[in-house]
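Each chain is listed here by its residues.
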Amino acid sequence: MARALPSNRRAILLAIFIAFGGTRSLVQPFHTSWFLFGYDIGVISGCLIMPDFINRFGEMGPDGKMFLSSSRQSIITSLLSAGTFVGALAQAFTSDRFGRRGSILIWAAIFTIGVAIQTGTEFSIVQITIGRFIAGLGVGALSAIVPLYNGETAPKALRGTLLVLYQLQIIVGLFLSYVFDLATHHLQNSASWRVPVGLQLVWGLVLLSGIFFLPESPRHLLGTGKAAEARTVIAELNGVPEDDALVEETIEELDFAIRAENEGGKATWAECFSTRNNLWKRTGNGMMLQFIQQLNGQNFYYYYGDTFFQSAGTELSPYVIQVILGAVSVVGTIPALRLIETWGRRRSLLTGALLEAACSIIAGLVGHYTLAPAGTPKGNLTHRNRAGGDTLIAFAVLHVFSFSIFWGPTPWVYLGESFPLRVRPKSIALGSATNWLWNFLLSFFAPRIAAHIGPLILLIFFGMLLFGYAYVYLFIPETKGLSLEEVDEMYRSGVKPWNSADWKPHLTDQLHKERPEVHESDEKQSA
């Protein structure tokens, strides 16, 4: 059987259009969902220091002025993360039962309802926090479906790059939220915060609009007995006819893996931690990388940067600083599109851990020994105070830049490519839920901790980054350039993580022995 020259154009366009909200995209809803999360992180950060927002949702201070205590900041910020934790786990049930497309419809609608509740809030902190929780359900669920779907549809040579596009979309959303906060913060009424918050309704409608153009995952289709539909999707994603040898070979590989995975009956949550195919190790690695990513320290700047930088004595507006951080994040994520496939996963994580650790300890110590106490009037700041604030901001920018290149995208790439179809929705749900759990804990406790120890909170992140370096070296294998089935084979082989970059798969050879006509076709085509 002749093999056509495969084209990845369809898969690339499929990811790129969704990343930037293009209406022609087939998978637009996925990247839009991540855009929403990045946007929400940034927009709530700016709202916390807007006068109208403080007057509506703050409390009366001893001086008769309204203020937002660290406790209220924690509640408002963290409730979205609490919702994402629940949603990330819940999507495992809908992804298997209703497919990837049906799940998007359900969770996108839930997200939109949550945003509407927030936007319609007048003075009730309860209403705005409930709205954020409901919106978080949708964001958390979609964040787990993203690596699940992209890992199942992307060509293996491009899988890392396409998954990095999700991180880029988070950062683009973050940057735009800072821009909108900067544009509206001067307004003296509720439009200052309702406009940037309410714009998420537009993104939610965009997300819903693309659902019916979204192709289902071919692995899910095969797993549910829809081989003809799976064949059509595979041919479309590779830009070849349905009767091409590439389609036949891909179907055979997937069918072989699915049959092996289904020998033990229906998968359970407990199986994610079983010894079968080292699933306990794979699930543990996915959860640990998400845990370490959240304690890198970057989200502290994203969530509370506006409030934190006010005490740094800089002449720049906190809103301007956040725009700078957002722009740096966007620029930093772009090199990751290439580095994820050239350097690989391990090298990216190891390099990032060291760079971010250096930024954390320098910023923490400089801030502790040079910054004035919080609330000090700008007129009382010394040259030492101002120089320390500028230094802290400079290393915060370097920290965010390093995170955007390495630890921002790579754990999500790894999560999307580490599990067999049998347990993939559940294992990815556990990894995503771990991310959101620690995102919630960080957003809830960080302002309280910073209120007591100030910049020294960055030393906690320094310690976690050193731990992350050791963990990656000892436990995370290299998955660059491997199909999902070959990743499964690598874990079963027992190769040591530090030797995994040189490991070669044997699954394709085994399939060629079982179907020699495909092998002969390949040889004729190459000849």
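All figures in this text were calculated on a predicted structure; none of them were measured in a lab.

Q: Any chance you could explain the overall build of the chain here in plain terms?
A: Assigned secondary structure in the chain consists of 22 helices and two strands. By the burial criterion, 59% of the 527 residues in the chain qualify as buried. Taking all contacts inside the chain whose residues are at least 6 apart in sequence as the whole, residues at least 24 apart take part in 78%. In the structure as shown, the chain presents an accessible area of about 20000 Å², 65% of it carried by carbon and sulfur atoms.

Q: Help me understand the packing of aromatic side chains in this model?
A: How two aromatic rings sit relative to each other is given by the distance of their centres and the angle of their planes. Evaluated as defined, the whole model comprises 10 aromatic pairs. Ring plane angle 40 degrees and centroid distance 4.8 Å describe the contact between tyrosine 471 and phenylalanine 475, whose orientation is recorded as tilted. You can see tyrosine 471 and its partner phenylalanine 475 sitting in helix H19 (residues 457–475), four residues apart, about one turn around the helix. Owing to a relative accessible area of 12%, tyrosine 471 belongs among the buried residues under this scheme.

Q: Sorry if this is basic, but what is going on with helix H14 (residues 318–342) here?
A: Because the α-helix completes a turn every 3.6 residues, residues three or four places apart line up on one side. The end-to-end C-alpha separation of H14 is 37 Å, in line with the 36 Å expected for 25 residues at 1.5 Å each. At alanine 336, H14 shows its largest bend, some 35 degrees. Once H14 finishes, glycine 344 follows within two positions and takes phi at roughly 90 degrees, a positive value.

Q: In this structure, what is going on with the nonpolar core? I would like to understand it.
A: What tends to happen in soluble globular proteins is that the nonpolar side chains get buried as a cluster. Counting 36 residues, the largest nonpolar core has Tyr301 and Trp407 as the members making the most contacts within it. Secondary-structure elements contributing two or more residues to this core are helix H12 (279–294), helix H13 (298–310), H14, helix H15 (345–370), helix H16 (383–405), helix H18 (424–453), H19 and helix H20 (484–493). Top contributing element to this core by residue count: H19, with six residues. Sequence-distant contacts of tryptophan 407, that is, excluding residues within four places in its chain, are made with Leu289, Ile292, Gln293, Asn296, Leu349, Gly352, Ala353, Glu356, Ser402, Gly468 and Val472.

Q: Help me out: how do you make sense of a nonpolar patch on the surface in this one?
A: A contiguous nonpolar patch, built from Leu354, Tyr469, Tyr473, Leu474, Phe475 and Trp498 and spanning about 570 Å² of accessible area, is present on the exposed surface. The greatest single-element share of the nonpolar patch, amounting to four residues, is contributed by H19. By the secondary structure assignment, leucine 354 is in helix H15.

Q: I'm lost on the packing of H15 against H16 in this one. Help?
A: If you want to describe how two helices pack, look at the angle between their axes and the distance between the axes. Running from N to C, H15 and H16 cross one another at 165 degrees; their axes reach a closest spacing of 9 Å. Classified by the angle between their axes, H15 and H16 sit roughly antiparallel to one another. H15 and H16 meet at a crossing whose hand is left-handed. Contacts between H15 and H16 involve Leu355, Glu356, Cys359, Ser360, Ile362, Ala363, Val366, Gly367, Tyr369 and Thr370 from the former and Arg384, Asn385, Gly388, Thr391, Leu392, Phe395, Leu398, His399, Ser402 and Phe403 from the latter. Partitioned by chemical class, the residues of the contact of H15 with H16 number 10 nonpolar, eight polar and two charged.

Q: Quick question: what am I supposed to make of the packing of helix H4 (residues 70–119) against H18 here?
A: In the contact formed by H4 and H18, the axes pass within 7 Å of each other and the chain directions differ by 175 degrees. By the angle between their axes, H4 is roughly antiparallel relative to H18. Partitioning the contact of H4 with H18 into residue classes produces 15 nonpolar, 11 polar and four charged.

Q: Sorry if this is basic, but what is going on with the confidence of the model for the chain here?
A: Of the residues in the chain, 80% reach a pLDDT of 70 or more, and the chain-wide mean stands at 78. The model gives residues 1–7 a pLDDT under 50, and that stretch makes 26 contacts with residues more than four places away or in other chains. In this model, residues 10–32 is a region of pLDDT below 50 whose contacts with residues beyond four sequence positions or in other chains number 66 contacts.

Q: What exactly am I supposed to notice about the pattern of salt bridges here?
A: Applying the stated criterion to the full structure yields nine salt bridges. Of the charged contacts, one joins arginine 56 and glutamate 122 as a salt bridge, the two residues approaching to 3.2 Å between their closest N and O atoms. A residue pair is termed long-range when its members are at least 10 positions apart, and arginine 56 in helix H3 (residues 51–57) and glutamate 122 in the loop between H4 and helix H5 (125–153) qualify at 66 residues. Residue classification places arginine 56 among the buried positions, given a relative accessible area of 15%. Classification of glutamate 122 as partly exposed rests on a relative accessible area of 42%. Here glutamate 248 makes a salt bridge to arginine 231, at a shortest N to O gap of 2.7 Å.

Q: Would you explain the environment of valine 195 in this entry?
A: Tracing the backbone shows valine 195 in helix H7 (residues 191–198). Judged by its relative accessible area of 39%, valine 195 falls in the partly exposed class. Taking the C-alpha atoms as reference points, valine 195 and phenylalanine 180, separated by 15 residues in sequence, lie 8.3 Å from one another.

Q: Help me understand H12 in this model?
A: With 16 residues, H12 extends 23 Å between its outermost C-alpha atoms, agreeing within 8% with the 22 Å of an ideal straight helix rising 1.5 Å per residue. Every buried residue of H12 is listed here: Leu279, Arg282, Thr283, Asn285, Gly286, Leu289, Gln290, Phe291, Ile292, Gln293 and Gln294.

Q: Whenever I open this one, the side chain of serine 190 confuses me. Can you help?
A: As for its placement among the helices and strands, serine 190 is situated in the loop between helix H6 (159–184) and H7. For serine 190, a relative accessible area of 15% corresponds to the buried category.

Q: Any chance you could explain the side chain of threonine 121 here in plain terms?
A: Assignment of secondary structure puts threonine 121 in the loop between H4 and H5. There is a polar contact of 3.0 Å between the side chain of threonine 121 and the backbone oxygen of glutamine 118. Once residues within four sequence positions are removed from consideration, threonine 121 is found in contact with Phe57, Gln127, Ile128, Trp193 and Arg194.

Thresholds, definitions, all that
- Position numbers for residues start from 1 in each chain and track the written sequence from start to end.
- Whole-chain, interface and lining totals are the exception, using all residues; otherwise, since this is a predicted model, local features are given only for residues with pLDDT of at least 70 and side-chain atom pairs are given and counted only at 80 or more.
- Hydrogens and water molecules were not included; the side-chain quantities draw on all heavy atoms of the structure.
- We count a stretch as a helix when DSSP gives it H or I for four or more residues in a row; a strand needs E for two or more, and each element gets its number in order from the N terminus.
- Burial classification: accessible surface area is computed with a 1.4 Å probe over protein chains only, and a residue below 20% of its type maximum counts as buried, one above 50% as exposed, and the rest as partly exposed.
- The contact definition used throughout considers only heavy atoms, calling two residues in contact when any of these lie within 4.5 Å.
- For the accessible areas, the method is Shrake-Rupley and the probe is 1.4 Å, while residue cover comes only from the protein chains on display.
- When the centres of two rings from Phe, Tyr and Trp lie within 6.5 Å, Trp using its six-membered ring, the rings pair. Their planes under 30 degrees apart give stacked, over 60 give edge-to-face, and anything left gives tilted.
- Here, expected helix span is obtained from the residue count minus one, scaled by 1.5 Å.
- What the bend at a residue measures is the angle between two axes, fitted to the seven residues ending there and to the seven starting there.
- The set of buried Ala, Val, Leu, Ile, Met, Phe, Trp, Tyr and Cys residues whose side-chain atoms join them within 4.5 Å is what this entry labels a nonpolar core.
- Grouping into patches uses exposed residues only, defined as over 30% relative accessible area, and leaves out salt-bridged ones; the cut-off is 9 Å for like charges and 5 Å for nonpolar side chains (Val, Leu, Ile, Met, Phe, Trp, Tyr).
- Each reported salt bridge corresponds to a side-chain nitrogen of Lys or Arg within 4 Å of a carboxyl oxygen of Asp or Glu.
- Axes, fitted as lines to C-alpha atoms, cover a helix only where it is in contact. Angles between the N-to-C directions of the axes lie from 0 to 180 degrees.
- Working definition: roughly parallel below 35 degrees, roughly antiparallel above 145 degrees, roughly perpendicular at 65 to 115 degrees, and oblique for all remaining angles.
- If you view the pair so one helix is near and one far, a crossing is left-handed when the near helix is turned anticlockwise from the far one by less than a right angle, and right-handed when it is turned clockwise.
- Gly is put with the polar residues, along with every residue not named as nonpolar or charged; the nonpolar set is Ala, Val, Leu, Ile, Met, Phe, Trp, Tyr, Cys and Pro, and the charged set is Asp, Glu, Lys and Arg.
- Each residue carries a pLDDT score, the predictor's confidence in it, ranging from 0 to 100.
- Any pair of N or O atoms that falls within 3.5 Å is considered a polar contact. Within protein, one atom must be able to donate a hydrogen and the other to accept it, and sequence-neighbouring residues count only if both atoms are side-chain atoms.

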